[in-house]
Amino acid sequence: MQNSKIDLNELAHLTELFHLFSSGRHLNRSADAALWHELELQAEQYQYLFANLGFDLRIDGRGFAWFHDEEGNQNINKQSRHLALLLMVLFDHQADSGRSLGQFYQWTIDNTLLDDIYGKHQGLLDAEELDRDALAKILDNAVRKGFAVQENNHWRLLPSVYRYLDHFQAITEHASESDIAATAYEEDESC
């Protein structure tokens, strides 16, 4: 930012954005267009102000923003771990069904899909003490944190889920690279 002075009068939604981000929620372009527009107009000023207050405001070009926190608290980590597990098994199920993972925001997640996911991954979910009813509770928490919206009798994921998808893809890529390296090493050893 060229000028270190901030005109707080220009930051019309400062209080609302601060409360949203400091509560651990994500702002999504598709879920709150008016707030997103405000953030986009004044992004540099918001990032500068929040940085000076000790917060790292991240804005992803795919349409979501959040306060990044490397540490987090234990409760948030448990919630995030449960959401990550649910998203992982959801992505696995959808990939097996031939759905594009990059189009997750178009998926309809209803009780039938949750039943299918639970049936397919029951052992893994039970190991985390997550029964079928817990999956719906995780999605309800995802709504509160800005990762999903509830529409009628189903949920829809929001662009902020890219944070998880990016991690899953990085893990898969790393695992593939490790498998290739191990195979190459085994071939070298057999020569």
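Structure: above.
Everything numeric in this text was worked out from a predicted model, so none of it was measured.

Before going further, it helps to spend a moment on the packing of aromatic side chains. Here the structure, examined in full by the defined rule, presents 15 aromatic pairs. On the basis of an interplanar angle of 75° and a centroid distance of 5.6 Å, the ring pair of F104 and Y105 is categorised as edge-to-face. Residue F104 is classed as buried on the basis of its relative accessible area of 0%. Relative accessible area serves as the criterion here: at 29%, Y105 is assigned to the partly exposed category. Relative to Y162, the ring of F104 has its centre 4.8 Å away and its plane inclined at 70°; by these criteria the two rings are edge-to-face. With F104 in the loop between α4 (74–96) and α5 (111–120) and Y162 in helix α8 (residues 162–190), this residue pair connects regions lying 58 residues apart in the sequence. Accessibility expressed as a relative area gives 15% for Y162, which makes it buried.

Glancing now at the side chain of Q42. Note that Q42 resides in the loop between α2 (33–41) and α3 (43–52). For Q42, a relative accessible area of 17% corresponds to the buried category. Engagement of the side chain of Q42 in a polar contact is seen with the side chain of Q45, the distance being 3.1 Å. Once you skip the residues sitting within four places of it in the chain, Q42 turns out to touch E10 and L11.

Next up on the list: the pattern of salt bridges. Applying the stated criterion to the full structure yields 8 salt bridges. Between D56 and R58 there is a salt bridge, and its shortest N-O distance comes to 2.9 Å. Relative accessible area serves as the criterion here: at 33%, R58 is assigned to the partly exposed category. Its salt-bridge partner being R156, residue E151 comes within 3.0 Å of it at the nearest N-O pair. What emerges from the salt-bridge pattern is a single network uniting D60, R62 and D166.

With that settled, the discussion passes to the packing of helix α1 (residues 14–22) against α2. As a packed pair, α1 and α2 sit with axes 11 Å apart at the nearest point and diverge in direction by 105°. Taken as axis vectors, α1 and α2 run roughly perpendicular relative to one another. When α1 is examined against α2, the residues E16, L17, L20 and F21 are found in contact with a partner set consisting of L35, E38 and L39.

Take H82: it is sitting in helix α4. The exposure class of H82 is buried, given its relative accessible area of 13%. Of the polar contacts made by the side chain of H82, one reaches the side chain of E128; its length is 3.5 Å. Residues within four places of H82 in sequence aside, it is in contact with E128, L130 and I138.

About the thresholds
Residues numbered from 1 in each chain as written. Predicted model: local features only at pLDDT ≥ 70, side-chain atom pairs only at ≥ 80, totals over all residues. Heavy atoms only, no water. Phe/Tyr/Trp six-rings, centres within 6.5 Å; stacked < 30°, edge-to-face > 60°. Buried < 20%, exposed > 50% of the residue type's maximum accessible area, 1.4 Å probe, protein only. Helix = DSSP H or I, 4+ residues; strand = E, 2+ residues; numbered from the N terminus. Polar contact = N/O pair within 3.5 Å; in protein donor to acceptor, adjacent residues only side chain to side chain. Contact = heavy atoms within 4.5 Å. Salt bridge = Lys/Arg side-chain N within 4 Å of Asp/Glu carboxyl O. Axes fitted to C-alpha atoms, helices over the stretch in contact; angles between N-to-C directions. Parallel < 35°, antiparallel > 145°, perpendicular 65-115°, else oblique.

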